[in-house]
Amino acid sequence: MITARAFAGKHYAVYGLARSGLATAEALLASGARVTAWDAKLAPSPRRGEGWGEGARAANELSNAVHPHPALSLQGEGLEIANLDEVDLTQFDSLVVTPGLPLNRHPIAQRAREAGVEIIGDIELFARARPELPPHKVVGITGTNGKSTTTALIHHILKTAGVPTTMGGNIGLPILAQDPLPEGGVYVLELSSYQIDLTQSLDCDVAVLLNITPDHLDRYESFDAYAGSKLRLLQMQTSGHGAIGQSSEFTRRIFEDYRGDPAKVGNAFLLGLFGIDTLRDYPQKEFPALQGPHNAENAAAAVFTALWLDVPDDTIQEGLRTYPGLPHRMERVREKDGVLFVNDSKATNPTATAPALAAFPSIRWILGGQPKTDNLDECAPHFGHVRSAYTIGEAGELFAKLLAPHMPVANCETLENALNHAAEDSQPGDTVLLSPACASFDQFRDFEQRGDRFRDLVGAL
């Protein structure tokens, strides 16, 4: 794990003990800090009575004996469990919260501000540990869409080049749970706006700003506030470090603004804009896991970043060719008798499905599940790529009616039926695409289970 002497002797409150919270507590304890932690799952059930009386405490201990929370095993190592919603927060040096905690409305955020206690996340702790790590670089990637693919692709290109690298943040293992890289290593971090909100001093050697479109407006008072959160990744950079952004009108305006006023970022530094034209010397058709216009943008961001990190051109091309893709994101599962089977189960709304429909010219489309909308308007521009459709789940009947005027469609009800029908109808050159445009909860635990089931069914053909 990543530890730092800078944490020793301090008293941290850790609120939220899922994966990143547990990793944070473990890293702080190993650094010699005191940690008081809390998670709602540790609270006594209301039926056990109010507060933490002896009866409620005993009942809670009994419950944890049957269903123990992982944090309880750390108590003997110096971790104290206490209800941070009730204790005096002035005793702590910092409050470390999970990125999922809504700072705009959660009571503990206001209590911490009133107590004068800073609110940070695990990425800020990583930033404060950096001076004690072997010399390294950090690439930070943010934006509304494409963060995971771009992060994983940059990481893969660096691995292909033989550069010591790891990825973390909003992808993979929590960053504090990972071992420090040797000298010359590159940490590649996917960063959500929530994580950036909890970060004060992450000085990225390269900051990548992808597209910014309206999202998470339940956490921000306006789109400008949401975009401002993303822009803080640039504002934390210092002299000589690089920032690149998607060549959109919005990002172009931002970069012109920064070029005109270097004081906004503390010092003048390199700025660049990437676009699909960045790939003019990189034939996208040769990169199997990076098809579609959205992946052209992701690949362009990765190419620009790799060039700035002095990765040789031929190595970048090899990385693009061999990138395997992420599970459930336009994942190429198998090719059988000239038919390609693609798992895009992560596409849980029509907006997310549209890029997959744009990526393949002859599609047998499996869609449906628990609908988030009553239309497929975002997908409509790409209906010409669909030879036939197979609907499933709660949305099956609705989507079949919407698609019937445009293509042959069958309401198959289950994923197994849909795949069998699609496989029977397919001809060489077709792509059988699971891109549901729906949530999975009507028939599956989550989109991962749905994608795993598709993968298993394809393997059994």
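Residues numbered from 1 in each chain as written. Predicted model: local features only at pLDDT ≥ 70, side-chain atom pairs only at ≥ 80, totals over all residues. Heavy atoms only, no water.

1. A look at the overall build of the protein chain
Working step 1: Check the secondary structure of the protein chain and you find 14 helices and 17 strands.
Working step 2: Put simply, of all contacts in the protein chain between residues at least 6 apart along the chain, 70% involve residues at least 24 apart.
Working step 3: Summed over its atoms, the accessible surface of the protein chain is roughly 19700 Å², and 49% of this surface lies on carbon and sulfur atoms. (Helix = DSSP H or I, 4+ residues; strand = E, 2+ residues; numbered from the N terminus. Contact = heavy atoms within 4.5 Å. Areas by Shrake-Rupley, 256 points an atom, 1.4 Å probe, with all protein chains shown as cover.)

2. Things to note about the sheet that holds strand β4 (residues 94-97)
Two strands in a sheet stick together by hydrogen bonds in their backbones, pointing the same way (parallel) or opposite ways (antiparallel).
Working step 1: Spatially, the five strands line up as an open sheet ordered β3-β2-β1-β4-β5, and their pairing is parallel. With partners counted over all chains shown, the strands left at the sheet margins are β3 (79-81) and β5 (118-120), one partner each. Ignoring which end each strand starts from, the neighbouring axes of this sheet average 25 degrees apart.
Working step 2: Here helix α3 (residues 107-115) sits on the sheet and contacts β1 (11-15), β4 and β5; the angle it forms with β5, its principal contact strand, is near 140 degrees. (Pairing = 2+ DSSP bridges. Axes fitted to C-alpha atoms, helices over the stretch in contact; angles between N-to-C directions.)

3. Re the layout of surface pockets
Working step 1: Quantified by volume, the largest pocket comes out at close to 1400 Å³.
Working step 2: The wall of the largest pocket is formed by 45 residues, among which Thr-144, Asn-145, Gly-146, Arg-329 and Lys-346 lie closest to the centre.
Working step 3: Elements with a contribution of two residues or more to the lining of the largest pocket: α5 (147-160), α6 (193-197), α7 (223-235), α9 (293-308), α11 (350-359) and α14 (447-459).
Working step 4: Its residues assigned to classes, the lining of the largest pocket comprises 15 nonpolar, 21 polar and nine charged. (1 Å grid on protein atoms, 1.4 Å probe; cavity = no way out; pocket = protein on both sides within 12 Å on 5 of 7 lines; lining within 4 Å. Points joined across faces, edges and corners; volume = space filled by probe spheres on them. Nonpolar A, V, L, I, M, F, W, Y, C, P; charged D, E, K, R; others polar.)

4. Digging into the side chain of Gln-178
Working step 1: Summarising the element assignment, Gln-178 is placed in the loop between β7 (165-169) and β8 (185-190).
Working step 2: Filtering out sequence-adjacent residues up to four positions away, Gln-178 remains in contact with Met-1, Ile-2, Thr-166, Met-167, Gly-168 and Leu-173.

5. What to know about the packing of helix α13 (residues 415-425) against α14
Working step 1: For the pair α13 and α14, interaxial distance at closest approach is 10 Å and the crossing angle is 45 degrees. The angle between α13 and α14 falls in the class oblique. The element α13 and its partner α14 pack so that their crossing is right-handed. Contact with α13, carried on its side by Leu-415, Glu-416 and Leu-419, involves Arg-450, Arg-453, Phe-454, Leu-457 and Val-458 of α14 and no other residues of that element.
Working step 2: The class makeup of the residues in the contact of α13 with α14 is five nonpolar, no polar and three charged. (Parallel < 35°, antiparallel > 145°, perpendicular 65-115°, else oblique. Left-handed = near helix turned anticlockwise from the far one by under 90°.)

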